[in-house]
Amino acid sequence: MEIRIAVAEDDAAYRRELIAHLRRFGQTHGVAMQIREYSDGDLLAAEYAPVFDALFLDIEMPRMSGMDAARRIREKDENVTIIFITNMAQYAIRGYEVGALDYLLKPVGYSALEMRLQKIVKRLEAQRECTLALSLPAGLRRVSVSQLRYVELVGHGEVLRLRGSMREAEEQLRGQPFFKCNSCYLVNLDHVRAVSDNSALVGGDRLQISRARKKAFIEALAGRLAG
């Protein structure tokens, strides 16, 4: 398993100690740790993309607090796990506002960090079964597969749209219950409510099924319903 972590801490000594603990956990538990470090919250928030699994944020930083950075990050990523680092526990209680998992008191000891990381690992094992990061025209976005009704290629409509070719879109969604109904759409079979003539009712939208794809689409839908 691999965990992608960002650490935002303005105190270089604390930052080095935390990263050393993270690497120790990885070596002890057989987890690959990809760690990126930031010296202030504004640096992380400015370039944030939803590619991280967990964030360790110091609450008090000179240019942007961990709490403010977390609020900005939540606008782009609702799923990333957030752990706050603080000198005073009362500050961390506000973490519920941004859906933080937990907090750590300074100085951070290895045992306390290990317990939080074990919680993160369990959460990720469950989370990775139902979310994925997609490359969209506006950048990377983490989405819930179960809630995604269908995907439309760039230039067609207002629903979630992907850059590139249909082949690239299919590759991103490989292993998920998506099937091509025509040259523009990949449909989540779990959201198909009905099929009539040459169209499928997906949620509240009716999507055209091409003549060439109709047989394969109906067979895929029947297989999904049966299995």
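These lines cover the structure that appears in this document, whether it is placed above or below.

Remarks on the nonpolar core
For step 1, the next point in the chain: Counting residues in hydrophobic clusters, the biggest one holds 22 residues, and the most contacted among them are Ile5, Leu22, Met33, Phe56 and Leu117.
For step 2, the next point in the chain: Secondary-structure elements contributing two or more residues to this core are strand 1 (2-8), helix 1 (12-29), strand 2 (32-38), strand 3 (54-58), strand 4 (81-86) and helix 5 (110-127).
For step 3, the next point in the chain: Here this core gets six residues from one element, more than from any other, and that element is helix 5.
For step 4, the next point in the chain: Excluding its chain neighbours within four sequence positions, the residues that come into contact with Ile5 are Leu22, Met33, Gln34, Ile35, Arg36, Phe52, Ala54, Phe56 and Leu117.

As for empty space enclosed by the protein
For step 1, the next point in the chain: Evaluated as defined, the whole model comprises one cavity of 30 Å³ or more.
For step 2, the next point in the chain: If you trace the largest cavity, you find it lined by Glu9, Tyr14, Arg15, Glu17, Leu18, Ile85, Lys106 and Val108.
For step 3, the next point in the chain: Of the residues assigned to the lining of the largest cavity, the class counts are four nonpolar, no polar and four charged.

Comments concerning the environment of Glu17
For step 1, the next point in the chain: Locating Glu17 in the fold gives a position in helix 1.
For step 2, the next point in the chain: With a relative accessible area of 33%, Glu17 lands in the partly exposed category.
For step 3, the next point in the chain: Through-space distance from the C-alpha of Glu17 to that of Tyr110 is 9.4 Å; in sequence the pair is 93 residues apart.
For step 4, the next point in the chain: For Glu17, the residues in contact, after removing those within four places along its chain, are Pro107 and Val108.

Some details on the pairing of strand 13 (residues 199-202)
For step 1, the next point in the chain: Here strand 13 shows two buried faces, one formed by Ser199 and Leu201 and the other by Ala200 and Val202.
For step 2, the next point in the chain: Relative to strand 13, strand 12 (residues 192-196) runs antiparallel, the two being bridged by four bridges. Counterpart to Ser196 in the pairing with strand 13 is Ser199.
For step 3, the next point in the chain: Counting the residues that bridge the hairpin from strand 12 to strand 13 gives two residues, and of these Asp197 lies at a positive phi of roughly 50 degrees.
For step 4, the next point in the chain: Strand direction decides the pairing type here: strand 13 and strand 14 (residues 205-208), joined by four bridges, are antiparallel. Each residue of the ladder has a partner; that of Ser199, found in strand 14, is Gln208.
For step 5, the next point in the chain: Taking the residues that link successive antiparallel strands as the turn, the strand 13-strand 14 hairpin has two residues, and the phi of Gly203 there is positive, at about 65 degrees.

A word on the environment of Val80
For step 1, the next point in the chain: For Val80, the location among the structural elements is in the loop between helix 3 (66-74) and strand 4.
For step 2, the next point in the chain: A relative accessible area of 1% means that Val80 is categorised as buried.
For step 3, the next point in the chain: Remark: the alpha-carbon pair of Val80 and Val51, spanning 29 residues in sequence, is separated by 8.7 Å.
For step 4, the next point in the chain: In contact with Val80, not counting residues within four places along its chain, are Tyr48, Phe52, Asp53, Ala54, Leu55, Ile73 and Arg74.

Quick word on the packing of aromatic side chains
For step 1, the next point in the chain: Under the definition given, this model contains three aromatic pairs.
For step 2, the next point in the chain: The ring of Tyr110 has Arg24 sitting right over it, with the charged end atom 3.7 Å from the ring centre.

How each quantity is defined
Per chain, residue numbering runs from 1 following the sequence as it is written. In keeping with the model being predicted, local features are shown solely for residues with a pLDDT of at least 70 and side-chain atom pairs are shown and tallied solely at 80 or more, while totals for entire chains, interfaces and linings include all residues. Neither water nor hydrogens contribute to the side-chain values; these are computed over all heavy atoms in the structure. Take the buried Ala, Val, Leu, Ile, Met, Phe, Trp, Tyr and Cys residues and link them wherever side-chain atoms come within 4.5 Å; each set so joined is a nonpolar core. Accessibility here uses a 1.4 Å probe with only protein chains present; expressed as a share of the type maximum, an area under 20% marks a residue as buried, one over 50% as exposed, and anything in between as partly exposed. Numbering of helices and strands runs from the N terminus, with a helix taken as a DSSP run of H or I at least four residues long and a strand as a DSSP run of E at least two residues long. Two residues form a contact once any of their heavy atoms are found within 4.5 Å. Two kinds of site are reported from a 1 Å grid over the protein atoms alone, namely cavities, where a 1.4 Å probe fits but cannot get out, and pockets, open sets with protein on both sides within 12 Å along at least five of seven lines, and residues are called lining when an atom falls within 4 Å of a point. Grid points are joined across faces, edges and corners, and a volume is the space filled by probe spheres set on the points. Residue polarity is assigned by list, with Asp, Glu, Lys and Arg as charged and Ala, Val, Leu, Ile, Met, Phe, Trp, Tyr, Cys and Pro as nonpolar; anything else, Gly included, falls into the polar class. Pairs of strands are assigned from DSSP output, requiring at least two bridges between the strands. For Phe, Tyr and Trp, where Trp contributes only its six-membered ring, two rings pair if their centres lie within 6.5 Å, and the inter-plane angle classes them as stacked under 30 degrees, edge-to-face over 60, or tilted in between. Criterion for a charge above a ring: Lys NZ or Arg CZ within 6 Å of the ring centre, and within 35 degrees of the ring normal.

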